Amino acid sequence: MEHKITPHLWFDKEAKEAAAFYTGMFPKSRVTNTQTIHDTPSGDCDIVSFELSGQPFMAISAGPLFKPNPSISFFVNFDPLRDPKAKENLNLLWAKLSNGGEALMPLQKYPFSDWYGWIKDKYGISWQLILTKPGGEERPFIVPSLLFVGEVCGKSEEATDFYMSVFKNSKRGTLARYGAGMAPDKEGTLMFTDFMIENQWFSAMDSAHEHKFAFNEGISFIVKCETQKEIDYYWEKLSADPESEQCGWLKDKFGVSWQIVPSAMDDMMAHGTQEQIDRIVQAFLPMKKFDIATLERAYKGK
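Residues numbered from 1 in each chain as written. Predicted model: local features only at pLDDT ≥ 70, side-chain atom pairs only at ≥ 80, totals over all residues. Heavy atoms only, no water.

Time to look at the sheet that holds strand E7 (residues 113–120). Think of a sheet as strands paired side by side through backbone hydrogen bonds, with each pair either parallel or antiparallel. Ordered by their spatial adjacency, eight strands build an open sheet running E6-E7-E8-E5-E9-E12-E11-E10, and the pairing between neighbours is mixed. The sheet terminates laterally at strand E6 (102–110) and strand E10 (171–177), the two strands that pair on one side only. When strand polarity is set aside, the average angle formed by the axes of neighbouring strands in this sheet is 20°. In the sheet, strand E5 (residues 72–78) pairs with strand E9 (residues 142–148) via five bridges, with the strands oriented antiparallel. When the bridges of E9 are listed, serine 73 appears paired with serine 145. Set on the sheet, helix H3 (residues 156–166) makes contact with E9, E10, strand E11 (190–197) and strand E12 (200–206); between it and E11 the angle comes to about 5°. (Pairing = 2+ DSSP bridges. Helix = DSSP H or I, 4+ residues; strand = E, 2+ residues; numbered from the N terminus. Axes fitted to C-alpha atoms, helices over the stretch in contact; angles between N-to-C directions. Contact = heavy atoms within 4.5 Å.)

So this is what it looks like as structure tokens:
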């Protein structure tokens, strides 16, 4: 399946190392492309594209400006109906991610799952490993998850409705609300929901507990666009913070970061000569919203 939306991970210097770490532990995983871009405000930056069990990711080494945190994490769904060794494989992955990592919720039985744990790995990326309950509607192995805390706590329903209105091929899946007596969480806010946008599953939840993090650029979502009209559409719908607009990046009204990027740029960056890549980089550095025609001219040296 072609993914329109790709999670993007920001590292200081460890993008290549982290991609090798993840592809070495997830089944059916591989690094698909590695390159270095030069003369950026962060100096030379490694960019790595990789797939984990069919889920594409991108990572960049661009200095210590941003750090990933648990406001965006990744569910890893171990389904006993699809994998007879689901629990065993969950435990194996937990052990690997625990190497240098930190358990945010210990691996144990919970009311919502017979076996679940939330771990932040040594690179700062967070994973929720869950043994799914048999009989539910099938979900992908890896599902990005948004945690609405602090100023945006209680807004996960509004946010997910908003995302489903902006993107095509959208629908809501599960929806579970906090009940009375679950303080500090407010009755009626979302304990959990999952939703599909562009035929890809995401999940979201509210948490009123104290968290020392919020959405930031450490993890963002790349949206690939075929035309300038499409870039203009997503930019207009999603961008809510003019200060955050830079190099195709924007921040929405909930604080989540998106990168609105022409699909053609992937090809140009993957197949161009170093000189062509350098020209594209210098063309896009001053841009806020990407202009496809200008990037194509830079690629061709015009």
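Structure shown, so let's carry the discussion forward.
The next subject is the side chain of glutamate 245. Relative to the elements of secondary structure, glutamate 245 occurs in the loop between helix H4 (228–238) and strand E14 (249–251). Of the side chains bearing the opposite charge, lysine 288 lies closest to the buried glutamate 245, which forms no salt bridge; the N-O distance is 4.8 Å. Side chain to side chain, glutamate 245 and serine 239 meet in a polar contact 2.6 Å long. Dropping the residues within four chain positions of it, glutamate 245 is found in contact with Trp235, Ser239 and Lys288. (Buried < 20%, exposed > 50% of the residue type's maximum accessible area, 1.4 Å probe, protein only. Lys, Arg positive; Asp, Glu negative; His and termini not counted. Salt bridge = Lys/Arg side-chain N within 4 Å of Asp/Glu carboxyl O. Polar contact = N/O pair within 3.5 Å; in protein donor to acceptor, adjacent residues only side chain to side chain.)

A sheet is described by the order of its strands in space; here seven strands give the open sequence E2-E3-E4-E1-E13-E15-E14, paired in mixed fashion. Lying at the two open borders of the sheet, with one neighbouring strand each, are strand E2 (30–40) and E14. Strand-to-strand twist across the sheet, computed as the mean angle between neighbouring axes with direction ignored, equals 25°. As judged from the five bridges shared by strand E1 (residues 5–11) and strand E13 (residues 219–225), these two strands associate in the antiparallel manner. Pairing of histidine 8 across the sheet is with serine 220, part of E13.

The next thing to look at is helix H6 (residues 274–284). Those residues of H6 that sit buried are Gln276, Ile277, Ile280, Val281, Ala283 and Phe284. Summarising the axial view, the buried residues of H6 lie within an arc of 160°, below the 170-degree limit, and thus occupy one face. Against E2, helix H5 (263–271) and helix H7 (292–300) lie the buried residues of H6. (Arc of directions from axis to C-beta.)

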